[in-house]
Amino acid sequence: QVTLVESGGGLVQAGGSLRLSCVVSERTFSMYTMAWFRQAPGKERDIVAAISWNSGTTVYADSVKGRFTISRDNAKNTVYLQMNSLKPEDTAVYYCAARRRILVVLDGEYNYWGQGTQVTVSS
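Rules used in this analysis
Residues numbered from 1 in each chain as written. Predicted model: local features only at pLDDT ≥ 70, side-chain atom pairs only at ≥ 80, totals over all residues. Heavy atoms only, no water. Phe/Tyr/Trp six-rings, centres within 6.5 Å; stacked < 30°, edge-to-face > 60°. Helix = DSSP H or I, 4+ residues; strand = E, 2+ residues; numbered from the N terminus. Buried < 20%, exposed > 50% of the residue type's maximum accessible area, 1.4 Å probe, protein only. Salt bridge = Lys/Arg side-chain N within 4 Å of Asp/Glu carboxyl O.

(A) Up close: the packing of aromatic side chains. Evaluated as defined, the whole model comprises four aromatic pairs. Here the aromatic rings of tyrosine 32 and tyrosine 112 are separated by 6.3 Å at their centres, their planes lie at 65°, and the arrangement is edge-to-face. Highlighted residues: tyrosine 32 in the loop between strand 3 (18-25) and strand 4 (33-39) and tyrosine 112 in strand 10 (residues 112-113), separated in sequence by 80 residues. Classification of tyrosine 32 as buried rests on a relative accessible area of 3%. Ring centres of phenylalanine 37 and tyrosine 110 lie 5.4 Å apart, and the angle between their planes is 75°; on these two criteria the pair is classed as edge-to-face.

This is the structure we're talking about:
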């Protein structure tokens, strides 16, 4: 079993920053592709960012490029999402996700999910 525990969400003013963390309970964490997705009310769940097992490849949604950074620390079994210059349209529930195989951007391809953490950006 692979479990993911997220933290770091909250309320922030537009232009502010948050860092989300996701701790993965799996000793082979370093073999997994990791990703962050988000879902706003009434909208589909969409990719935010993804990172390959060795950090060699990262992918970002166009809407967050230049503002968000995904990173991982395999020694700590943790993936991060640093979010800067936050906008009200970033408001959503953010989910950490994992898969054993190569990086993809579709949520249906990910096998393991965290519980989600709410990010609210006020104007």
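(B) Representation of the pattern of salt bridges in the model. With the rule as written, the count across this model stands at five salt bridges. Here aspartate 107 makes a salt bridge to arginine 45, at a shortest N to O gap of 3.3 Å. With aspartate 107 in the loop between strand 9 (92-99) and strand 10 and arginine 45 in the loop between strand 4 and strand 5 (46-51), the pair connects residues that are 62 residues apart, well separated along the chain. With a relative accessible area of 27%, arginine 45 lands in the partly exposed category. Notably, a salt bridge pairs arginine 99 with glutamate 109, separated by 3.8 Å at the nearest N-O pair.

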